[in-house]
Protein chains: 2
Amino acid sequence: MAPVDKYDIVIIGAGPVGLLLSTCLARWGYKIKHIDMRPEPTLTGRADGIQPRSLDLLRNMDLKRPIMANEPAKVYEVAFWDPSEKGIQRTGTWASCPKFIDARYPFTTLLHQGLIERVFINDLEKHNTRIQRPWRITGFQNDGKDEEYPVEVSIAHVDGEDKGQETVRAKYLFSGEGARSFVREQLGVKITHKDPIAYVWGVMDGVVRTDFPDIKMKCTIHSDAGSIMVIPRENNMVRLYIQIASSTDADWNPRKSATTEEVQATAKRIMKPYYVEWDRVEWYSVYPIGQGIADKYTLDERVFMGGDCCHTHSPKAGQGMNTAFLDAQNLAWKIHHVESGFADRSILKSYESERKYVAENLLNFDAEYAKLFSQKQPSADDIKTASKQSSGDSHGEENPFIKKFKESCEFTSGYGVAYLENVFNWSENHPAKHPLFLSAEKGTTALRSGRILKPATVTRVADANVVHLEQEIPLNGSYRIFLFGGKPSKTKKAIADFAKNLQKKSSFYSVYAREDIDSVNYHERHNPHSHFFTINTIFNAHRPEIEIRELLPALLSRYHDHVYADDVWDQRVPDAEAAAHAKMGLSQEEGGVVVVRPDGYVGCVVKLEQGSGTVDALNEYFGSFCAKKIGGERAVL
Amino acid sequence: MAPVDKYDIVIIGAGPVGLLLSTCLARWGYKIKHIDMRPEPTLTGRADGIQPRSLDLLRNMDLKRPIMANEPAKVYEVAFWDPSEKGIQRTGTWASCPKFIDARYPFTTLLHQGLIERVFINDLEKHNTRIQRPWRITGFQNDGKDEEYPVEVSIAHVDGEDKGQETVRAKYLFSGEGARSFVREQLGVKITHKDPIAYVWGVMDGVVRTDFPDIKMKCTIHSDAGSIMVIPRENNMVRLYIQIASSTDADWNPRKSATTEEVQATAKRIMKPYYVEWDRVEWYSVYPIGQGIADKYTLDERVFMGGDCCHTHSPKAGQGMNTAFLDAQNLAWKIHHVESGFADRSILKSYESERKYVAENLLNFDAEYAKLFSQKQPSADDIKTASKQSSGDSHGEENPFIKKFKESCEFTSGYGVAYLENVFNWSENHPAKHPLFLSAEKGTTALRSGRILKPATVTRVADANVVHLEQEIPLNGSYRIFLFGGKPSKTKKAIADFAKNLQKKSSFYSVYAREDIDSVNYHERHNPHSHFFTINTIFNAHRPEIEIRELLPALLSRYHDHVYADDVWDQRVPDAEAAAHAKMGLSQEEGGVVVVRPDGYVGCVVKLEQGSGTVDALNEYFGSFCAKKIGGERAVL
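Quick notes on the rules
Numbering of residues starts from 1 in every chain and runs along the sequence as written. Numbering of ligands from 1 and lettering of chains from A proceed in the order in which they are written. Per-residue local features are limited, in this predicted model, to residues with pLDDT of at least 70; the limit for side-chain atom pairs, both in listing and counting, is 80 or more; totals at the level of whole chains, interfaces and linings are taken over all residues. Only heavy atoms go into the side-chain values, all of them from the structure, while hydrogens and water stay out. UniProt positions are given in the numbering used here, feature names are shortened, and annotations may be inferred rather than shown by experiment. In this text, helices come from DSSP runs of H or I with a minimum length of four residues, and strands from runs of E with a minimum of two, each type numbered from the N-terminal end. In superposing the copies, a least-squares fit is computed on C-alpha atoms, taking residues whose pLDDT is at least 70 in both. Contacts were defined at the residue level, with two residues in contact if any of their heavy atoms lie within 4.5 Å. Strands are treated as partners if at least two bridges between them are detected by DSSP. Axis lines are fitted through C-alpha atoms, for helices just across the contact stretch, and the angle between N-to-C directions can take any value from 0 to 180 degrees. Reported orientations rely on four angle classes, namely roughly parallel under 35 degrees, roughly antiparallel over 145, roughly perpendicular from 65 to 115, and oblique for the rest. Less than a right angle of anticlockwise turn of the near helix away from the far helix marks a crossing as left-handed, whereas a clockwise turn marks it as right-handed. Side-chain classes are defined by residue name, with Ala, Val, Leu, Ile, Met, Phe, Trp, Tyr, Cys and Pro counting as nonpolar, Asp, Glu, Lys and Arg as charged, and the others, Gly among them, as polar. The rule for a salt bridge is simple: a side-chain nitrogen of Lys or Arg has to be within 4 Å of a carboxyl oxygen of Asp or Glu. Burial classes follow relative accessibility: with a 1.4 Å probe on protein chains only, a residue under 20% of its type's maximum area counts as buried, one over 50% as exposed, and anything between as partly exposed.

In the annotation of an unreviewed UniProt entry, the entry for chain A reads Phenol 2-monooxygenase, and the organism field reads Zasmidium cellare. Entered under Sequence similarities (unreviewed entry) in the UniProt record, the comment concerning chain A runs "Belongs to the PheA/TfdB FAD monooxygenase family."

(A) View of the UniProt feature "domain: Phenol hydroxylase-like C-terminal dimerisation" (unreviewed entry) in chain A. Here, the residues flagged by UniProt with the feature "domain: Phenol hydroxylase-like C-terminal dimerisation" (unreviewed entry) are residues 417-629 of chain A. Between the C-alpha atoms that bound residues 417-629 of chain A the distance is 32 Å, and the span itself is 20% helix and 17% strand.

(B) The relation of the copies chain A and chain B, seen in detail. With an RMSD of 0.0 Å, the operation that places chain A on chain B is a rotation of 180° combined with a shift of 0.0 Å along the axis. Here the copies are linked by what is in effect a two-fold axis. In terms of C-alpha distance to the rotation axis, chain A has Arg65 of chain A as its closest residue, with the C-alpha 3.7 Å off the axis. Both copies present the same face, since 100% of the interface residues in chain A are matched by interface residues at the equivalent positions in chain B.

(C) How the structure looks around the sheet that holds strand β12 (residues 191-192) of chain B. Residue and element names in this part refer to chain B. The strand order across the open sheet built from three strands is β12-β18-β20, with neighbouring strands paired in antiparallel fashion. With one partner strand each, in any of the chains shown, β12 and β20 (311-312) form the two edges of the open sheet. Pairing geometry for strand β18 (residues 292-294) and β20, over two bridges, is antiparallel. When the bridges of β20 are listed, Gly292 appears paired with Thr312. The sheet contacts of helix α8 (residues 349-374) involve β18 and β20, and relative to β18 the element is tilted by about 170°.

(D) A look at the packing of helix α2 (residues 52-60) of chain A against helix α7 (residues 320-339) of chain A. Residue and element names in this part refer to chain A. α7 packs onto α2 with a crossing angle of 45° between their chain directions and a minimal axis gap of 10 Å. Regarding the angle of α2 to α7, the classification is oblique. As α2 runs across α7, the sense of the crossing is left-handed. Taken together, the residues of α7 that come into contact with α2 (itself represented by Arg53, Ser54, Leu57 and Leu58) are Asn322, Phe325, Leu326 and Gln329. Here the residues of the contact of α2 with α7 are counted per class, giving four nonpolar, three polar and one charged.

(E) A look at the pattern of salt bridges. Residue and element names in this part refer to chain B. Enumeration according to the criterion identifies 94 salt bridges over all chains in this entry. For Asp159, the salt bridge identified is with Lys163, shortest N-O distance 3.6 Å. The exposure class assigned to Lys163 is exposed, which follows from its relative accessible area of 52%. In this structure, the salt-bridge partner of Glu339 is Arg345, at a minimum N-O distance of 3.2 Å. On the basis of relative accessibility, which here comes to 24%, the residue Glu339 falls in the partly exposed class.

Spelled out as structure tokens, the structure:
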């Protein structure tokens, strides 16, 4: 019998969720079989909105530049249009990502899905991973016949097995198949409908001529002739979302459709008194949307699902692709930590608990939002109070849709995502009980576990470059330890003790030291000691005052490209001496240690103190989910 | 006889000056024959520093992103090292582009010349222009035998005419051949040596291991064992410049050389007490540098020279490629304006007068700088006063080299370049004498003619994007008219009159209207009315208050993608209501009109006033160099 090909993972579907997962794992050296039913990547249309938080992620993967090379449209503001006597009129505008959200990129990036897919596919090819097309999955089982590769997967050419078929074994199987998932059906996982209402939507991408003044903005337009959503796109295009039917209609028919011409005619009626003419239509599609969420994302922590396969909802808040990206990112580093021997296999359960929680929040938001959007709005003349400014601080009586929209900005930007307490996200209930843990609840730090690290601009000491601290470690599977060093004169002993205790043989740091630690390349910047940790040190000092080798013990000065001066003024904390320290809510004198998960979310925050306490606390934290035993007192070196 | 091939221009040499010229002209539709003696682009080494002003230019050509995709090193600070008892010690650091310079990108970008060349070559290929290699020029004459194509140029394969040779006719010939120029020699143009001192330099690119703390910074190191300059590079590389001989040496020999090993040994001695070891050497070259400037850049305004062909100097201030870029940019739009019938042929004389003036300043700077760099420095202990801060405002007694360096920052960043008064750069001596001209001399604007437009951040009204105003018009050969509209309520009449007078048949604007003005594409953003002008309107108002079609007459609202709200706070003018107006030194209530040349330099500034005066002044200004008659009173539509 011929030997069966073995893969670390088989990934079904090359949409956003499958591609991001594949890209991470390919970069980290995993062997991947990635198939897609389509003969080629998306050509036009489909998802198109990259939210601010997702752009952070893409930048962290070094993919922001190729995305931006496509000259996407950027949405900074949303305009609300409502019925008035003479047709529609603008009742207000609102920042897409208002100033109260501390976003590095406070805008939504609009680009069609195919261009986004291509960025990932190009990157995958650099890591010798190609999508096998057009192939589909025909069967799978976690039969455990091979302990290391417990899952058997059968795949075949979409045109039939005679065109090609393979049966392979894998450590994991991932379905990024979209709403219609063979894997989900085979597993018998049910979809729960949060909202019993369903809709039929038409979506049209094209180039128009119009005197409608906000055609390059995101707009929600409610008129007596219906409702429409306008989204600007690259290359002078515009996308129109138009609701064709709702299950609340008397004549509801989920198969109701509309022609291009009908949708254009409706759009013209809605947008009166403005004219709108089409130069061309690039893409048009009608599809029913049912809101739903999969009851399980995995049954056995071997066969996983993510993206649209697990959650479907209306397209209007632009969340589908973004949620898919974060599903994939969440799973990628957890699989990596289990397979590389760093973490206990039990951490894989947190993929479902973290991501399903986010999807549930998304669906709750979406149900309310979609319902409000579909409702006929009161005439603008009734609600003159809607603000005309976008500063994010207006008040007054607004219509419920606008009110909901504003409330939801943090969520839709991606920054509202907060994972609940678990082994990664420290809380009072965490198994690690050391007294040095700081928390937002106690007011001892401004950082919240399970939330993204706040952005901060600092000066890198080695080359005096002004950099974004939160981006200094790429998405490489490492924990990011931020040692906020306060004033060097005050923390010298505490930092020396921190390094000394990291060097103890049983510390989390030493237990996961690289095997080749004595022969690591001189130019290795991020992981000279361990593949799982990078240490950044940030001092409350001006750059030229920081002599790395004088201020830091050898273990820490080895990260000479990751030492920073907290000397850049920040408008958000204008009176702070050290803005980054201040934003994190840490003492500008005494500092503190922030542990950030590989995906950029805060894990825990610990007081920086003389003695072994700081490292003891971290040992307890990592010990709660690491595969090897951590902790003890034997010092080395 | 076979018909002779005809080209708009023949360009010799595909280094920075030739490539930038070629790229501009290719984009504007000119037919180009571009040859280079080298069989392929630069592989390693050579010029590598892109100064802040040049990065503005590359961004304006949409080439910054591909440059940055190469992950260049960025120099924000320069460190000065001087002799001390134990070897060398740092005596101070200084911002490479200090805060007193209002630079959008306050750093130098380091990338080897080959990667930069490739960015241009890729762009040229998109415009169907390829470099013919390895070919050289064998003869030329402006024989005028063809009035339209007066220059005959003969070129051949470098390996001999039997491998290929052509004789073509061209409107222009440009030599970007570098210091050894066949064209310059044939023309008999002499080089004048500003500074009689010559040097032999060694330059070495490589990867090193060292404990020298500033290896990722630009450093000037003076030691008792000699002097060296350190420049960081992409891919962990570092460039060392080391002076091997000076004509002031007793044993001066311009052919003196040194081996790689000798230079490395010298570097080790200079850098004591720090160690430095080479992993590899990527490039090493020794070359004599004589300071010189060509007496003429052209004799007939048909055969032009630029770049190293016209000026040579020491490499240490990183000015060669940057000066070359600006030579090419300066010539490109002037040729374009003559060939397209916009401007009188006499404007071509200003290429030499503007660019030779800049080169002379460069050489004066360079001579002084090189001399100071070569001199043995006093021991650091003697000059303890050198500042340790980089804020740009320290004082105290410094050594002459550091003092010179600081004084020169504006010049080396590229922002010190100021063209003298001429037809483009309005002054009291300009033929246009209208009383509405404003000037820095009179204190009626902060903008200086012949200087780059100040950067300003504003909000684009159409899509609410926060943008860099100075970058809103690409380098497309158009004049950029910035109508600062002040408070809309105060300027409504003045703006209406401005538009009305632009519409008069004899205005500069109407005289150069597009022939196809009635059938211009709806989506044309920059040049709907004229290929030579784009109008930007900036109001002192918040974005949502600006209804483009209500505030602006049709002529101006046609530029709906070029209307801006001056509503972004700027740290440099913290108390201004409208920061861009304030930075330009214009009334925040009444505004003003700024004419910016196609290359980004301010041409003239005119008061915005009711009546015809504002346009009358501009008619006088453009009338002084335009090919067609401008001015008069007949109004149309």
